Amino acid sequence: MDALGPRIIVAAFDGWNDAGEAASGAIEAIRQSGDYELVHAVDPELYFDYQYTRPSTRMDAQGHRELQWPGAALWRPVPAAQLGPEFWLLTGSEPARTWQAFATEFIDVALRDDVTGFLTLGAMLSDVPHTRPISIFASSPNEQVREAHGLERSLYEGPVGILSVLEHFAERAGIPTAGLWASVPHYVASAAPSPKATLALLDRLEELTGVDVPRTHLRTEAAAWEASIDAAAADDEDMTEYIRQLERTRDTWDSPEASGDAIAQAFERYLRRRGEGPGDHKR
């Protein structure tokens, strides 16, 4: 049996944890690949500060105005998967308060419904070139998961965000966890979606679990995204030279002389230099 088991919660949240909307985009691609039903949603009054994460207004099909409140919810596939692992989706906005109660609420639901694994998706702005494959840092605090999938053990110490809190509570409850983090080029507008990073997360997710999520459209969008940045850089000599420097650094990392340990150590040094880490919440 796979270390993460047959029912895996895949979690991603809007906000700092979601540079280029890469993680939330991956969740959306999974959700569009099949039918899902709501398992559990939190009461937003308990966890959200509306001056921090504001509700939004929209018009429905009949032209009536309605309010949409920030929140978080867990969804499961219907019908349940017959072959291979099935993905349960935990998504929404990062809460503003009472994180322990928030995490406990979802982990209690996971235990009730016999969830066997917990996998977080995140994306951060990093010093990486858009012209190379998107780097995915895959780690787990669980020894069995690391051995089964060849993952790293993060050595980061410092402030964390809701993804790390959920991982901690899941592990403490006996649910094995892992995390995938995409590195998004920081010189691309952070508010702009990065389909190449979303695609990289889904590719790595398939390697990890064996679940194939349809993503042909993402390959087309990723190519267009890269071409648009190429065009912008072509008119800016400084940007072109900066990208070349990033390419040289990345190619050194990808060389046969660069061990996995060396890359992981460089990743940790980068996080400490910025005072950040996977799962941080920083605005």
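Data block above holds the structure.
Keep in mind the model is a prediction, meaning the values are calculated, not measured. (Residues numbered from 1 in each chain as written. Predicted model: local features only at pLDDT ≥ 70, side-chain atom pairs only at ≥ 80, totals over all residues. Heavy atoms only, no water.)

Let us look at the overall build of the chain. Looking only at helices and strands, the chain features nine helices and nine strands. A buried classification covers 48% of the 283 residues belonging to the chain. Taking contacts inside the chain between residues at least 6 apart in sequence as the whole, the part at least 24 apart equals 79%. Only carbon and sulfur atoms are counted for the fraction: they give 50% of the accessible area of the chain, which is about 14,100 Å². (Helix = DSSP H or I, 4+ residues; strand = E, 2+ residues; numbered from the N terminus. Buried < 20%, exposed > 50% of the residue type's maximum accessible area, 1.4 Å probe, protein only. Contact = heavy atoms within 4.5 Å. Areas by Shrake-Rupley, 256 points an atom, 1.4 Å probe, with all protein chains shown as cover.)

A few words on the pairing of strand β9 (residues 177-185). Burial within β9 is extensive, with nine of its nine residues counted as buried. Both faces of β9 are covered, namely the face carrying Thr177, Gly179, Trp181, Ser183 and Pro185 and the face carrying Ala178, Leu180, Ala182 and Val184. As paired strands, strand β7 (residues 117-126) and β9 are joined by nine bridges and run parallel to one another. Bridge pairing links threonine 120 to glycine 179 in β9. (Pairing = 2+ DSSP bridges.)

Once that is clear, we can look at the environment of glycine 179. Considering the arrangement of structural elements, one finds glycine 179 in strand β9. For the pair glycine 179 and leucine 119, spaced 60 residues apart in sequence, the C-alpha separation works out to 5.5 Å. When residues no more than four places from it in sequence are discounted, the contact partners of glycine 179 are Thr120, Phe137, Ala138, Ser139 and Glu167.

On to unusual backbone geometry. Look at the link from valine 78 to proline 79: it is a cis peptide, with omega at -10°. Looking at the secondary structure, you find proline 79 in the loop between β5 (72-77) and β6 (86-93). Of note in this structure, glutamate 21 is not a glycine but carries a positive phi near 50°. Judged by its relative accessible area of 39%, glutamate 21 is partly exposed. In this model, aspartate 114 sits at a positive phi of 60°, which is unusual for a non-glycine residue. In this structure, aspartate 114 sits in the loop between α3 (99-112) and β7.

As a rule of thumb, soluble globular proteins bury nonpolar side chains together. Counting residues in each nonpolar core, the largest one holds 38 residues, and the members touching the most others are Ile30, Phe87, Leu119 and Leu121. Put simply, the parts of the chain that give this core at least two residues each are β1 (7-14), α1 (22-32), β5, β6, β7, β9, α6 (195-209) and α7 (216-234). The biggest single contributor to this core is α6, with seven residues. (Core = buried A, V, L, I, M, F, W, Y, C linked by side-chain atoms within 4.5 Å.)

What follows covers the side chain of glutamate 105. Among the structural elements, glutamate 105 can be located in helix α3. Although glutamate 105 is buried, it makes no salt bridge; arginine 112 carries the closest opposite charge, 9.3 Å away. Apart from the residues lying within four places of it in its own chain, the contact partners of glutamate 105 are His40, Ala41, Val42 and Tyr47. (Lys, Arg positive; Asp, Glu negative; His and termini not counted. Salt bridge = Lys/Arg side-chain N within 4 Å of Asp/Glu carboxyl O.)

Once that is clear, we can look at helix α5 (residues 162-172). Burial of α5 is extensive: eight of the eleven residues sit out of reach of the surface. Listing the buried residues of α5 in full gives Ile162, Leu163, Ser164, Val165, Leu166, Glu167, Phe169 and Ala170. Tucked inside the fold, the buried residues of α5 contact β1, β6, α3, β7 and β9. Looking one or two residues beyond α5, the residue adopting positive phi is glycine 174, at roughly 90°.

Our next topic: the pattern of salt bridges. Evaluation of the coordinates by the stated rule reveals 13 salt bridges. The partner of glutamate 37 in a salt bridge is arginine 76, with the nearest N and O atoms 2.7 Å apart. Of this pair, glutamate 37 sits in strand β2 (residues 36-41) while arginine 76 sits in strand β5; the two residues are 39 residues apart in sequence, bridging distant segments of the chain. Between aspartate 113 and arginine 76 there is a salt bridge; the shortest N-O distance is 3.9 Å. Placement of the pair is aspartate 113 in the loop between α3 and β7 and arginine 76 in strand β5, with a sequence separation of 37 residues. With relative accessibility at 28%, the residue arginine 76 sits in the partly exposed group. Among the ionic contacts, a cluster of salt bridges with common partners joins Glu37, Arg76, Arg112 and Asp113.

Here we take up the packing of α7 against helix α8 (residues 237-253). Taken N-terminus to C-terminus, the directions of α7 and α8 make an angle of 125°; their axes are 7 Å apart at the nearest point. Comparing the axis directions of α7 and α8 gives the class oblique. Together, Ile229, Ala233 and Ala234 of α7 and Met239, Thr240 and Ile243 of α8 make up the contact between the two elements. Split by residue class, the contact of α7 with α8 holds five nonpolar, one polar and no charged. (Axes fitted to C-alpha atoms, helices over the stretch in contact; angles between N-to-C directions. Parallel < 35°, antiparallel > 145°, perpendicular 65-115°, else oblique. Nonpolar A, V, L, I, M, F, W, Y, C, P; charged D, E, K, R; others polar.)

Bear in mind that shape data such as this cannot, by itself, settle questions of function.
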